[in-house]
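Coordinates in review
Residues per chain, in single letters:
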Amino acid sequence: MNPRDKWPRRPKAEGSANVLLFLTDDVGFGACSTFGGPIQTPNLDALAARGVRFTQFHTTAMCSPTRAALLTGRNSHRVGMGRVTARPACYDGYTSVIPKSAGTIAAILRASGYHTAMFGKGHITPEWEMSALGPFDRWPTGLGFDYFYGFLGFDTNMWAPDLVENTTCVDDKHPGRHFDETLADRAIQWISDQKAIAPDEPFFIYYASGTAHSPHHAPAAWLNKYRGRFDRGWDELREETFERQKRLNLIPPGTLLTQRPDNLPAWSDLSESQRLLASRLMEAYAAALDHFDHHVGRILSSLKELGELDNTFVLFIQGDNGGSAEGGFNGLLFEQSWANGFDEALEDQLKLIDDIGGPKAYNHFPAAWGWAINAPFKYYKQVASHFGGTRNGLVMTWPGVITDHGSVRSQFHHVVDILPTILEAAGVKAPDSLDGLAQDSIDGVSMLYAARSAEAPAARTTQVFESMQNVGVYHDGWMACSTPENDPWEGFASRKTRALEDKTWELYHLPSDFSQACDLASREPGKLERMKSLFASLAAENGILPIHAPGSGAQGKPSFGSQRRSFTFRRRIRRLHNDAAPHTVGRSFTVGCRIVVGANGGNGVIVCHGSSVCGYSLYLKEGLPVFYYNAIAPYTCRVAATRKLSAGEYTITARLTMEQGDPGAAARIAIEVNGEVVAQGRAVRTLRTFLNQNSFNVGGDSVSATSPEYRLEESEFDGELGALAFDLA
């Protein structure tokens, strides 16, 4: 026997081409210049000039489902991801748990000799598995990636990201530096290292920054670039985009521009103040996407410098769903207001208008911008029944293989088709088993045939859709779909549910109606009934049933913290995920700790939960005990003692008592020192939810300072902490 055969070795890849897959977030079909939009994306334009653009490529209308379908090649409900990870349900299609029988493209390629890395947004890990205890098999490194650098949740503060490297929370902050710049640096470094160590072995990179999901953050130079560009409003912008799309041959002759939905205002109906705010919010979105494109260019330039660009198959999906309408009518200075069901008063928003795009805001544009950037289609993110929610631009380049440069492809395809496309490019067959486990069938079909030939008949003839109770089915050029019943800015708990048989249905013939403008339901009742029957069959096969509201079906969801009433923390802790932290929403609580203040001490955080946008913090400030509660600006409450603590040992306690049992209600706050009340106050409202940007900390703060009274780097408590007890009513 050859001694070499006794050593464990990495499999040798059959193909030699690298694969680089980009995915942006909440970017509509008509947003960027590559697909006729108003936002400049010169590096994607350049890719399209060297490759092909797909104009009938579809996602799932929501973040987590699109990512799960992309990575597994299976319809999202078949892999338990029928909804975002924050809203799972007990039904098979909605658990947020990707089964091991649905191996990812990363796992398949790694088993075939590829080096694999993921950068950016995850949003595919069940929330109860996000703590330091894991388990980690549904974190990116457990799903086939050799390396991961990014964040696990649905978004992050781009000026103060909550970062994970592999399976460890890391503090990798660069004050004043945008996350997209840091992320590109990391990807460039990883590529350089990989090619230095194994120059003849290919890589697969999945690069999903999180831009342009809210918060729409961008450096000042990019914000200034778009100042005043959107003052004419969403109606005119959409018409201009439509005309450009026609000139670029991105839409067929005869395509109609669909009408603005009745639930959205005309630009002309807005007041001058509303227009000013709306323009500024859209400028930030545009700046964020343009800035991301700049860093895409840096990554591509690094490949060129290494001599690898011509040996790299690049796929760029511009958006995991359509533009978002979750900002409501005026837009938001803080996305968390929407999640909490809080209204932001226009006068309060205008006071903070200069913060938009910067580190003090967490902004999201008005719903009508989310609709406008989906031109020429109806609706927006969450609406899987219409292409405003699901139609996204796709660009492919592969030197020497894709040779019809600058051309357009119109074959109907879906995000599940990405996995088989990459496998064909890599010369890898989808395995029957992976890591010893039998694999479920793959729903996707390769798109390489279409990249090579514009005239080839579409390999995909059928596709089922569902998101947030909006349903549809495509078959042989026809699309049957339900009429949306709920608005995306509505709270999840208040959404209506209508049985499948009671929904209002629409019918479109896409070869003659690219934009779903002409409903044929009344003219073709027989066809509609057959399509509805097809949907019912596919819905049953794919785990879509039962159709249910996003606020239902979560009974029995696993959780480290939700059922507990008492917690004890014996040592300092950082970045404890919300699920494992004390669940304080709508509940009174008491937190107490023995502390020792040193001779020169008396500063730092004892306990906090939140971020710079919202949360609470108990801390000492120059010897004064302080409790700060932020229910999203301007609803803040600071309760502070008037007498400083001298050096010595104390028991410090904070009590928050809800005035009513409802989440969001007012609360009384008291601070006690050695059993004596030293400060009292009242928060006029409290939070209804904590998002996954918020973390729980003992002995200091993390990610971004929960109180504006201290800086993050100075938040470490400078005395001794005993065991901290946290008790919930």
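Just so you know, the residues in each chain are numbered from 1, in the order the chain's sequence is written. Under the rules for a predicted model, residues below a pLDDT of 70 receive no local features and side-chain atom pairs below 80 are neither given nor counted, while totals for whole chains, interfaces and linings still include all residues. To obtain the side-chain values, all non-hydrogen atoms of the structure were included, while hydrogens and water were left out.

Another point: the overall build of the protein chain. Secondary structure assignment for the protein chain yields 14 helices and 30 strands. Two things to know: the radius of gyration comes from C-alpha atoms, and the globule rule equals 2.2 Å times the number of residues to the power 0.38. The C-alpha atoms of the protein chain give 26 Å as radius of gyration, which agrees with the globular expectation for 729 residues (27 Å, within 12%). Along the first, second and third principal axes, the C-alpha atoms of the protein chain reach 80 × 80 × 50 Å. Residue burial is assigned from relative accessible area. The probe radius is 1.4 Å, only protein chains are included, and a residue is buried under 20% of its type maximum, exposed over 50%, and partly exposed in between. Put simply, the protein chain has 729 residues, and 62% of those count as buried. Using a 1.4 Å probe, accessible areas were evaluated by the Shrake-Rupley method; residue-level cover was limited to the displayed protein chains. Carbon together with sulfur atoms contributes 49% to the accessible area of the protein chain, which is approximately 26500 Å² in total. Charged residues are defined here as Lys and Arg on the positive side and Asp and Glu on the negative side; His and the ends of the chain fall outside this count. For this purpose, a charge sits on NZ of Lys, CZ of Arg, CG of Asp or CD of Glu. Separation between the mean location of the 70 positive side-chain charges and that of the 81 negative ones in the protein chain comes to 2 Å. Under the scheme used here, helices are H or I runs from DSSP no shorter than 4 residues and strands are E runs no shorter than 2 residues, and both carry numbers assigned from the N terminus.

So, on to the nonpolar core. Here, nonpolar core refers to any group of buried Ala, Val, Leu, Ile, Met, Phe, Trp, Tyr and Cys residues whose side-chain atoms link them within 4.5 Å. Core analysis: the biggest nonpolar cluster contains 137 residues, and Phe119, Tyr207, Trp369, Ile595 and Phe627 have the highest contact counts within it. In terms of residue count, the dominant contributor to this core is helix H7 (residues 272–305) (14 residues).

For the rest of this paragraph, the subject is the side chain of Asp235. Looking at the element boundaries, Asp235 is found in helix H6 (residues 234–247). Counted as a polar contact is a pair of N or O atoms within 3.5 Å, where, for protein atoms, one must be capable of donating a hydrogen and the other of accepting one, and residues adjacent in sequence contribute only when both atoms are in side chains. Among the polar contacts made by the side chain of Asp235, one reaches the side chain of Arg260 at a distance of 3.0 Å. The contact definition used throughout considers only heavy atoms, calling two residues in contact when any of these lie within 4.5 Å. Those residues in contact with Asp235, other than ones at most four positions away along the chain, are Arg260, Ala266, Trp267 and Trp371.

The next thing to look at is the packing of aromatic side chains. What counts as a ring pair is set by centres within 6.5 Å for rings of Phe, Tyr and Trp (its six-membered ring), and what kind of pair is set by the plane angle: stacked under 30 degrees, edge-to-face over 60, tilted for all other angles. Applying the stated criterion to the full structure yields 38 aromatic pairs. Centre to centre, the rings of Phe377 and Phe387 are 5.8 Å apart; their planes meet at 85°, and the pair counts as edge-to-face. In this pair, Phe377 is assigned in the loop between helix H10 (367–372) and helix H11 (387–390) and Phe387 in helix H11, connecting sequence segments 10 residues apart. Residue Phe377 is classed as buried on the basis of its relative accessible area of 0%. When its relative accessible area of 1% is taken as the criterion, Phe387 is described as buried. Following the ring pairs from residue to residue traces out a cluster consisting of Phe567, Phe569, Phe589, Tyr616, Phe627, Tyr629, Phe690, Phe696 and Phe726. The ring of Phe514 has Arg391 lying over it, and the distance from NZ or CZ to the ring centre is 5.0 Å. In this scheme, Lys NZ or Arg CZ marks a charge over a ring once it lies within 6 Å of the ring centre and within 35 degrees of the ring normal.

Our focus in this paragraph is the pattern of salt bridges. Just to be clear on terms, a salt bridge is a Lys or Arg side-chain nitrogen sitting within 4 Å of an Asp or Glu carboxyl oxygen. Per the stated rule, a full pass over the model turns up 37 salt bridges. In this structure, Arg186 engages Glu165 in a salt bridge whose closest nitrogen and oxygen atoms are separated by 2.9 Å. In this pair, Arg186 sits in helix H4 (residues 179–197) while Glu165 sits in strand S6 (residues 163–165), placing the two residues 21 residues apart along the sequence. The partner of Glu714 in a salt bridge is Arg711, with the nearest N and O atoms 2.5 Å apart. With a relative accessible area of 46%, Glu714 lands in the partly exposed category. Accessibility expressed as a relative area gives 48% for Arg711, which makes it partly exposed. One continuous salt-bridge network, built from bridges that share partners, spans Asp25, Arg67, Lys121 and Asp320.

What follows concerns the pairing of strand S19 (residues 566–569). Burial along S19 is one-sided: the face carrying Phe567 and Phe569 is buried and the face carrying Ser566 and Thr568 is not. When S19 meets strand S30 (residues 720–728), the two strands line up antiparallel, connected through four bridges. If you follow Ser566 over to S30, its bridge partner there is Asp727. Being paired, for any two strands, means DSSP has found at least two bridges between them.

Glancing now at helix H2 (residues 63–72). Of all 10 residues that make up H2, 10 are buried, and the element is covered over most of its length. Structurally, H2 contributes buried residues whose contacts are with strand S1 (18–23), helix H3 (105–111), strand S4 (115–121), strand S8 (203–208), strand S9 (312–318) and helix H12 (418–426). Positive phi shows up at Gly73, right after H2, with a value of about 75°.

This brings us to H7. Between its first and last C-alpha, H7 extends 50 Å over 34 residues, near the 50 Å set by a 1.5 Å rise per residue. Burial within H7 is extensive, with 24 of its 34 residues counted as buried. Gly307 occupies a position one or two residues after H7 and carries a positive phi of about 75°. By this rule the span expected of a helix is its residue count minus one, scaled by 1.5 Å.

Let's shift gears to the packing of H4 against H7. In this analysis, axes come from line fits to C-alpha atoms, helices being fitted only over the stretch in contact, and the angle between any two N-to-C directions falls in the range 0 to 180 degrees. It is the contact of H4 with H7, at a shortest axis distance of 10 Å, that shows an interaxial angle of 15°. Accordingly, the angle class assigned to the pair H4 and H7 is roughly parallel. Crossing handedness for the pair H4 and H7: right-handed. Across the interface between the two elements, Asp180, Glu181, Ala184, Asp185, Ala187, Ile188 and Ile191 from H4 touch His291, Phe292, His295, Arg298, Ile299, Ser302 and Leu303 from H7. Oblique is the label for any angle not covered by the other classes, which are roughly parallel (under 35 degrees), roughly antiparallel (over 145) and roughly perpendicular (65 to 115). Two helices cross in a left-handed way if the nearer one is turned anticlockwise from the farther one by less than a right angle. They cross in a right-handed way if the turn is clockwise.

With nine bridges connecting them, strand S21 (residues 589–597) and strand S26 (residues 648–658) associate as antiparallel partners. By the bridge assignment for S26, Val596 is matched with Glu649.

Backbone hydrogen bonds hold the strands of a sheet together, and the pairing may be parallel or antiparallel. Taking strand neighbours across the sheet as the criterion, the four strands line up as S15-S16-S17-S18 in an open arrangement whose pairing is antiparallel. The open sheet has two edge strands, strand S15 (462–467) and strand S18 (505–509), and neither has a second partner. Shown here is a sheet whose adjacent strand axes are inclined to one another by a mean of 10°, direction ignored. The strands touched by helix H14 (residues 525–541) within the sheet are S15, strand S16 (470–475), strand S17 (478–482) and S18, with S16 carrying the most contacts at an inclination of about 110°.

A few words on the environment of Phe242. By the element assignment, Phe242 lies in helix H6. Phe242 sits in the buried class, given a relative accessible area of 7%. For the pair Phe242 and Arg229, spaced 13 residues apart in the sequence, the C-alpha separation amounts to 17 Å. Contact partners of Phe242, with chain neighbours within four places excluded, come to Ile251, Thr255, Leu256, Leu257 and Pro376.

Here we take up the sheet that holds strand S7 (residues 168–170). Reading across from one edge, S7-S6-S5-S4-S8-S1-S9-S10-S2-S11 is the order of the 10 strands in this open sheet, with mixed pairing throughout. On the outer flanks of this sheet lie S7 and strand S11 (407–409), each paired with one strand and no other. Here the strands of the sheet are splayed against their neighbours by 15° on average, with no regard to which way each runs. Sheet analysis places strand S2 (residues 52–54) next to S11, joined by three bridges and oriented parallel. Counterpart to Val52 in the pairing with S11 is Ser407.

Just geometry here; none of it tells us what the structure is for.
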